[in-house]
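Analysis of the macromolecular model
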Amino acid sequence: MLHGKPFYEISFNKFDLFWQMLAAEFGRKNFGPDPLAAAERSLATLNSFGFKTIRLFLFDYGSITLYREPETQLRYIQTVDRMLDLCDKYDIRVVACLGLGDEKYARAAGETRVDLVANRDSQARKLAEAYARTIVERYKERPTIAMWEIQNELLLAADIGGRERVWNKQAIPTLTEVARFHREMSDFIKAIDPNHLTTTGDSYRTSLWHQNQFVEHGATKSMWTIDSWEQLSTSVAKA
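Each residue is numbered by its place in its chain's sequence as written, counting from 1. The predicted nature of this model means local features are confined to residues of pLDDT at least 70 and side-chain atom pairs, given and counted, to a pLDDT of 80 or more, with totals for whole chains, interfaces and linings taken over all residues. Side-chain measures were taken over the full set of non-hydrogen atoms in the model, leaving aside hydrogen atoms and water.

Digging into the sheet that holds strand 3 (residues 145-149)
Stated precisely, the cut-off is as follows: Strand pairing is defined by DSSP finding a minimum of two bridges between the two strands. For the purposes of this entry, the term helix denotes a DSSP run of H or I that reaches at least four residues, the term strand denotes a run of E that reaches at least two, and both are numbered from the N terminus. Fitted lines through C-alpha atoms give the axes, limited to the stretch in contact for helices. The angle between two N-to-C directions lies from 0 to 180 degrees.
Reading across the sheet, the four strands line up as 1-2-3-6 and stay open at both edges, with parallel pairing between neighbours. Sheet topology places strand 1 (53-57) and strand 6 (197-199) at the edges, where each strand pairs with a single neighbour. Going across the sheet, the axis of each strand differs from the next one's by a mean of 25°, ignoring polarity. As judged from the five bridges shared by strand 1 and strand 2 (residues 93-97), these two strands associate in the parallel manner. From the neighbouring strand, Leu56 faces strand 2, where its bridge partner is Ala96.

Here it is as structure tokens:
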């Protein structure tokens, strides 16, 4: 909402901006010869076309080592600072995806993604909350942040494992568990930062209702039947 009316922001999914900055800071080779210059060029281009908001992944991909290890933690945080300064330079605000439902937390804790999503007392959840606390507390007063995003497309994983709740040898959460996770993490973030909006970061499958009914209730013969609009709306509202 803006001034009491619905407001729709046309933004850009510059998801890899922070990863470019990390590559520049830590000498990673998979973002071109000069990732810092490439990052700034992208922001300058977006600014020239009038974009005011971007969405990005504010977490390291595949690991939680950089921000946890004492010898790299400060450099990691300083990289976030520099990235936000660069966004300020080009008058761009950030929808920051914190990646709190990512499998890397489960791997680091020796647990499953279901433990992370469904069990708020799991070690994986505690690792995710520790990261959220560090980042949100540090930047809760910063105008560069447009809103906090909980996880990238977690809803796409809900119920895809069938009644066995396993896909690709991984334990898979249900729609109910994903919805509860989003509520719990939103409450966790808002307790630290009551001023910024939170968003789930979700996409959805058009068989979401049938998947849920098949897995949790055994009420449908096929989990991949296309939902009616009413069925899909009910499932998305639940999430």
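As for the packing of helix 7 (residues 123-139) against helix 8 (residues 175-192)
For the record, the criterion: Each crossing gets its handedness from the near helix: less than a right angle anticlockwise from the far helix is left-handed, clockwise is right-handed. Working rule for contacts: check all heavy atoms of both residues, and any pair within 4.5 Å makes them a contact. When residue character is reported, Ala, Val, Leu, Ile, Met, Phe, Trp, Tyr, Cys and Pro are called nonpolar, Asp, Glu, Lys and Arg charged, and the others, Gly included, polar.
Their axes nearest at 10 Å, the elements helix 7 and helix 8 cross at an angle of 35°. Of the two possible hands of crossing, helix 7 and helix 8 adopt the one that is right-handed. Across from Arg125, Glu129, Ala132, Arg133, Val136 and Glu137 in helix 7, the residues of helix 8 making contact are Phe181, Glu184, Met185, Phe188, Ile189 and Ile192. Across the contact of helix 7 with helix 8, the residue classes break down as seven nonpolar, no polar and five charged.

Section: the nonpolar core
Stated precisely, the cut-off is as follows: In plain words, nonpolar cores are sets of buried Ala, Val, Leu, Ile, Met, Phe, Trp, Tyr and Cys residues tied together by side-chain atoms within 4.5 Å. Accessible area is worked out with a 1.4 Å probe on protein chains only. A residue is then buried under 20% of its type maximum, exposed over 50%, and partly exposed in between.
Counting 59 residues, the largest nonpolar core has Leu58, Leu100, Tyr105, Tyr131 and Trp148 as the members making the most contacts within it. Broken down by element, the residue count for this core peaks at eight residues, all from helix 7. The contacts of Leu100, once residues within four sequence positions are left out, are Tyr105, Leu116, Ala128, Tyr131, Ala132, Ile150, Gln151, Phe181, Met185 and Ile189.

Regarding helix 4 (residues 70-89)
We count it as follows: The span expected for a helix works out to 1.5 Å for each residue beyond the first.
For helix 4, spanning 20 residues, the distance from its first C-alpha to its last is 30 Å, which sits close to the expected 28 Å at 1.5 Å a residue. Note on helix 4: the residue one or two positions beyond its end, Asp91, has a positive phi of about 55°.

Considerations on the pairing of strand 2
Among the five residues that make up strand 2, four are buried, leaving the element largely enclosed by the rest of the structure. In this structure, strand 2 lies alongside strand 3, joined through four bridges in parallel fashion. Each bridged residue has a counterpart across the sheet, and for Cys97 the counterpart in strand 3 is Glu149.

Comments concerning the packing of aromatic side chains
One pair of aromatic rings is described through two measures. These are the centre distance and the angle between the planes. This is how the line gets drawn: Here a pair means two rings of Phe, Tyr or Trp (six-membered ring of Trp) with centres within 6.5 Å. Their orientation is stacked below 30 degrees between planes, edge-to-face above 60, and tilted elsewhere.
Following the criterion strictly, the structure yields 12 aromatic pairs and no others. Measuring from ring centre to ring centre gives 5.2 Å for Phe57 and Phe59, while their planes differ by 25°; the resulting arrangement is stacked. The class of Phe59 is buried, set by a relative accessible area of 6%. Joined through ring pairs, the aromatic side chains of Phe15, Trp19, Phe31, Phe57, Phe59 and Tyr61 make up one cluster.

A short note on helix 7
Taking 1.5 Å per residue as the helical rise, helix 7 with its 17 residues ought to reach 24 Å, and the 25 Å between its terminal C-alpha atoms agrees with that figure. Among the residues of helix 7, those classed as buried are Ala124, Arg125, Leu127, Ala128, Glu129, Tyr131, Ala132, Ile135, Val136 and Tyr139.

Quick word on the environment of Phe59
Take Phe59: it is sitting in the loop between strand 1 and helix 3 (65-68). Taking the C-alpha atoms as reference points, Phe59 and Leu232, 173 residues apart in sequence, are found 31 Å from one another. Not counting residues within four places of it along the chain, the set of residues in contact with Phe59 comprises Phe18, Trp19, Tyr76, Cys97, Leu98, Gly99, Asp102, Lys104 and Tyr131.

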